[in-house]
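Structural characterization, general
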Amino acid sequence: MGKPLFYEILEKPATSCIIGICSAIWFYIQKKNIGYQHVGLSYETAMEGHYWRIITSAFSHISVLHLVFNMSALWSLGVIEQLGHLSLGVAYYLQYTLVLVALSGIVVLAIYHLFIQRFKVEYFRRVTAVGYSCVVFGWMTILSVKQPSSKLDLFGFLSLPISFAPFESLIFTSIIVPQASFVGHLSGIIVGYAIAWGLIHGMNNYWVVSMLGWIVVVFVFSLKRSGAYDFNFIEIESVTDSSLPSVRFLGTGRTLQMSAIAVEGVEVV
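Basis of the calculations
- Each residue is numbered by its place in its chain's sequence as written, counting from 1.
- The model is predicted, so local features are restricted to residues of pLDDT at least 70 and side-chain atom pairs to those at 80 or more, both for listing and for counting; the totals for chains, interfaces and linings are taken over all residues.
- Excluded from the side-chain calculation are hydrogens and water; included are all heavy atoms of the structure.
- UniProt positions are given in the numbering used here, feature names are shortened, and annotations may be inferred rather than shown by experiment.
- Here an angle of 0 to 180 degrees is reported between the N-to-C directions of two axes, which are lines fitted to C-alpha atoms, with helices fitted over the stretch in contact.
- In DSSP terms, a helix is any run of H or I states spanning at least four residues, a strand is any run of E spanning at least two, and both are numbered starting from the N terminus.
- What makes two residues a contact is simply this: any of their non-hydrogen atoms within 4.5 Å.
- When residues are grouped by polarity, Ala, Val, Leu, Ile, Met, Phe, Trp, Tyr, Cys and Pro land in nonpolar, Asp, Glu, Lys and Arg in charged, and all others, Gly among them, in polar.
- Expected span of a helix, by definition, is 1.5 Å for each gap between consecutive residues, and there is one gap fewer than residues.
- Burial status follows relative accessibility: with a 1.4 Å probe on protein chains alone, a residue under 20% of its type maximum counts as buried, one over 50% as exposed, and anything between as partly exposed.
- Confidence of the prediction at every residue is given by pLDDT, a number between 0 and 100.
- At least two DSSP bridges between two strands are required for those strands to pair.
- A patch is a set of surface residues, each over 30% in relative accessible area and not in a salt bridge, joined within 9 Å for like charges and within 5 Å for the nonpolar side chains Val, Leu, Ile, Met, Phe, Trp and Tyr.
- Under the convention used here, a 1.4 Å probe and the Shrake-Rupley method define accessible areas, while residue burial counts only the protein chains that appear.
- Note on definitions: salt bridges are taken to be side-chain nitrogens of Lys or Arg within 4 Å of carboxyl oxygens of Asp or Glu.
- A pair of aromatic rings is counted whenever rings of Phe, Tyr or Trp (Trp by its six-membered ring) have centres within 6.5 Å, and the orientation is called stacked for planes under 30 degrees apart, edge-to-face for over 60 and tilted otherwise.
- We call a charge positioned above a ring when the Lys NZ or Arg CZ atom is no farther than 6 Å from the ring centre and deviates by at most 35 degrees from the ring normal.

For the protein chain, the name recorded in an unreviewed UniProt entry is Peptidase S54 rhomboid domain-containing protein, with Rubroshorea leprosula as its organism. As its UniProt record puts it under Subcellular location (unreviewed entry), the protein chain is described as follows: "Membrane".

Put into structure tokens, the structure is as follows:
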């Protein structure tokens, strides 16, 4: 017999919290009847300034089966929290989960941009991706490099050698689930290898707090600027130069002018 669930939760605290967050968000989406188009990430909405969707798309799921599949894989990958002797562990897991969430979404948009601008494939302009699979595939890839002898357990009965799991799962989901986002899953694998091979490294509490701070700032102001949510204490207006956005904090009278930034169907992930 395995360990009681309570003890496994204690051994995987970060994984358990993320599963709880994703489950709560799924329940809220279902209760409020929110459509995937309202929270998902697409090239078109990103170019309209909806950068907040990089975060909301990662934690949103469109069906209970979608949620169960992703969370089952994530639960199995939670073993990373117990591998402190391999320089992994809980802190590493939390730090690089943040990296995977942010960078996977950016890589997805970069690939969409390449297909649209270079190869003129307009399909990728409006396709909308939702789901935590980018992060799941990222951790799957990291574990396959750090501990290739591990196995990935799905649904309690399907076991895959972790060394082949990223690409096995990539092909399997693309065949079995036509709506599965090949680009989203591939993006997670790309970022996962970048982390596992040390191309992205050096994350510590300082960089996590700094990165999290910038994510919150971009999230809030892109929500406000896109009109998706009205933050009454923030007003965005043009000052002196209509091409440069500015931010005014109501009640303080202070205005911050920002520099210019040049910007060149649903899929589940």
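Once the structure has been displayed, the description carries forward.
**A short note on the packing of helix H9 (residues 133-146) against helix H10 (residues 165-176)**
Interhelical geometry of H9 versus H10 gives an angle of 145 degrees and a closest axis separation of 8 Å. Facing H9, whose interface residues are Phe 137, Met 140, Thr 141 and Ser 144, H10 presents Ala 165, Pro 166, Ser 169, Leu 170 and Thr 173. Along the lines of polarity and charge, the residues of the contact of H9 with H10 split into five nonpolar, four polar and no charged.

**Regarding the UniProt feature "transmembrane region" (unreviewed entry) in the protein chain**
Following the UniProt record, one finds the feature "transmembrane region" (unreviewed entry) at residues 12-29, 50-73, 93-116, 123-142, 154-175, 182-200 and 206-223. Its end C-alpha atoms 34 Å apart, residues 93-116 is made of 100% helix and 0% strand. Here residues 206-223 is 100% helix and 0% strand, with 26 Å between the C-alpha atoms at its ends.

**Brief notes about helix H11 (residues 182-196)**
Taking 1.5 Å per residue as the helical rise, H11 with its 15 residues ought to reach 21 Å, and the 21 Å between its terminal C-alpha atoms agrees with that figure. Most of H11 is tucked away, with 12 of its 15 residues classed as buried. Every buried residue of H11 is listed here: Val 183, Gly 184, His 185, Ser 187, Gly 188, Ile 189, Val 191, Gly 192, Tyr 193, Ala 194, Ile 195 and Ala 196. Downstream of H11 by one or two residues, Gly 198 has phi in the positive range, about 85 degrees.

**Examining the confidence of the model for the protein chain**
Of the residues in the protein chain, 86% reach a pLDDT of 70 or more, and the chain-wide mean stands at 86. Contacts of residues 252-264 to residues separated by more than four positions or lying in other chains number 26 contacts, the stretch itself having pLDDT below 50.

**Let's talk about the pairing of strand S2 (residues 151-154)**
Each regular strand carries side chains that alternate between the two faces of the sheet. Across the two faces of S2 the burial differs, with Leu 152 and Leu 154 buried and Lys 151 and Asp 153 not buried at all. The pairing of S2 with strand S3 (residues 158-161) spans four bridges and is classified as antiparallel. Considered in S3, the bridge of Lys 151 is made with Pro 161.

**Things to note about a nonpolar patch on the surface**
Together, Ile 171, Phe 172, Ile 175, Ile 176 and Val 177 make up a nonpolar patch on the protein surface, roughly 490 Å² of accessible area in all. Mapped onto the elements of the fold, Ile 176 is located in helix H10.

**Considering unusual backbone geometry**
One non-glycine residue with positive phi stands out, namely Ser 87, at about 65 degrees. Looking at where Ser 87 falls in the secondary structure, it is placed in the loop between helix H6 (64-77) and helix H7 (89-118). According to the relative accessible area criterion, Ser 87 is exposed, its value standing at 58%.

**Considering the packing of aromatic side chains**
Under the counting rule described, the total for this entry stands at 12 aromatic pairs. Both rings, one in Phe 115 and one in Phe 124, keep their centres 4.8 Å apart while their planes meet at 25 degrees; by these two values the pair is stacked. Note on Tyr 123 and Phe 124: the rings are 5.1 Å apart at their centroids and 75 degrees apart in plane angle, and the pair reads as edge-to-face. Aromatic rings pair up to connect Tyr 112, Phe 115, Phe 119, Tyr 123 and Phe 124 into one cluster. In this arrangement the basic side chain of Lys 12 is found over the ring face of Trp 75, its NZ or CZ atom lying 4.3 Å from the centre.

**Things to note about the environment of Ser 149**
Inspection of the secondary structure puts Ser 149 in the loop between H9 and S2. Taking the C-alpha atoms as reference, Ser 149 lies 6.9 Å from Ile 162; in sequence the two are 13 residues apart.

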